[in-house]
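Report on the structure
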Amino acid sequence: MPRRPPADLIRTWSAATTALCLVALMALAVPGATWAAGGLSAPDAALVRTLLADSALPLVPFAPLTGPATGGDTLSPAQRDELTARIGDLADEHPADFAVAVQDLRTGATFSHAAHEQFPTASVSKLTILTLLLLRAEEEGRGLTASEQVQVEEMIRYSDNDVTDGLYARIGFTDGFTSGVRALGFTNTDPHPRGVWGATMTTAADQLRLLRVLYVDEGHLAAENRAYVRELMESVAPEQAWGVSASADPGDTVGLKNGWTPRESNGGLWNVNTVGYVSGPGHEYLIAVLSDGHHDHATGVALVEELCGTVTGAMEAARDADDPAHPAAEDPAR
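Let me begin by describing the structure that accompanies this report.

Parameters at a glance
Residues numbered from 1 in each chain as written. Predicted model: local features only at pLDDT ≥ 70, side-chain atom pairs only at ≥ 80, totals over all residues. Heavy atoms only, no water. Salt bridge = Lys/Arg side-chain N within 4 Å of Asp/Glu carboxyl O. Helix = DSSP H or I, 4+ residues; strand = E, 2+ residues; numbered from the N terminus. Buried < 20%, exposed > 50% of the residue type's maximum accessible area, 1.4 Å probe, protein only. Phe/Tyr/Trp six-rings, centres within 6.5 Å; stacked < 30°, edge-to-face > 60°.

Bringing the pattern of salt bridges into the picture now. Per the counting criterion, the structure on display carries eleven salt bridges. With a closest N to O distance of 2.3 Å, Arg263 and Asp292 form a salt bridge. Placement of Arg263 in strand 7 (residues 253-263) and of Asp292 in strand 9 (residues 283-294) is noted, with a sequence separation of 29 residues between them. Accessibility assignment for this pair places Arg263 and Asp292 in one class, buried.

Before going further, it helps to spend a moment on helix 7 (residues 173-183). Taken across its eleven residues, helix 7 has eight buried, putting it largely inside the fold. Looking only at helix 7, the buried set comprises Thr174, Gly176, Phe177, Thr178, Ser179, Gly180, Val181 and Ala183.

Counted according to the given criterion, the structure contains four aromatic pairs. With a centroid separation of 4.6 Å and an interplanar angle of 40°, the aromatic rings of Tyr215 and Tyr277 are classed as tilted. Of this pair, Tyr215 sits in helix 8 (residues 204-215) while Tyr277 is found in strand 8 (residues 269-280), placing the two residues 62 residues apart along the sequence. Each member of the pair Tyr215 and Tyr277 is classed as buried. Between the aromatic rings of Trp242 and Trp260, the centroid separation amounts to 5.8 Å while the plane-to-plane angle is 65°, which identifies the pairing as edge-to-face. Placement of Trp242 in the loop between helix 9 (223-233) and strand 7 and of Trp260 in strand 7 is noted, with a sequence separation of 18 residues between them. There is no split in this pair, since Trp242 and Trp260 are both buried. An aromatic cluster of at least three residues, connected via ring pairs, comprises Tyr168, Phe173 and Phe177.

Rendered as structure tokens:
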């Protein structure tokens, strides 16, 4: 199925508040550097120096999400085995390590590969920082200040590192981040002990949990704040709109946040991540792809885009085969 290329703190929570959030989250089951004119600017030096190697922390199972499904799992055992084999082939073909977690919100179907393994977030952590900032503001009974809004837009749309440093401190640095992600239901996301937000370790499963907080009404953020985050994700700088957008058809709504940086602790190899959502006629996906060990930025982007398109393409093909009335089944050129 052809796909178009991409077009273009929280202070430490009170014990009572944290407990209430954790109870509400029991329903959840799973799952940058800035760009300058002419190309990527140099990654933040402190970020590059302190990014961690692979974590040896215990792994947690990836459990299916319970989403607003209108049907069952469209992937039959045979189709799931075939997709698993295709992803395995990609793992054999590429030297990089990667993890994938995808949910089809129209059917509830999920697919994952290594979704419980930890990877450095790079700038993907900025989406979590924004979420925690908004939760803190809600707890204080206010909206973001004009200054905070300007900084947030720079952080998400243009992946500005300097403003992220300030916002990370505003959410409570590592203590605020840790208590916040626990309240969100993350099970295996750990901040860097010295507060280097880009060296946060996370899993594709936890990133899918975050996407559900932002995209599905899980009761964590007020509706207007969820809409605000999605607006930012849907208007990132065109040169940063790669990754998840590889799963989109023309006219689809795409919201995403990407992260990319070389890591000195991994011999200068690149960490490239993409998380977000795609919505269009007949399909609606939440997607998280994390990867590490690429020789350069371009090959990292190519692989994460191939992973996005491969998984959502297989889900859509399976659904089309089961439902001849589906729009894609009526158009053999798609």
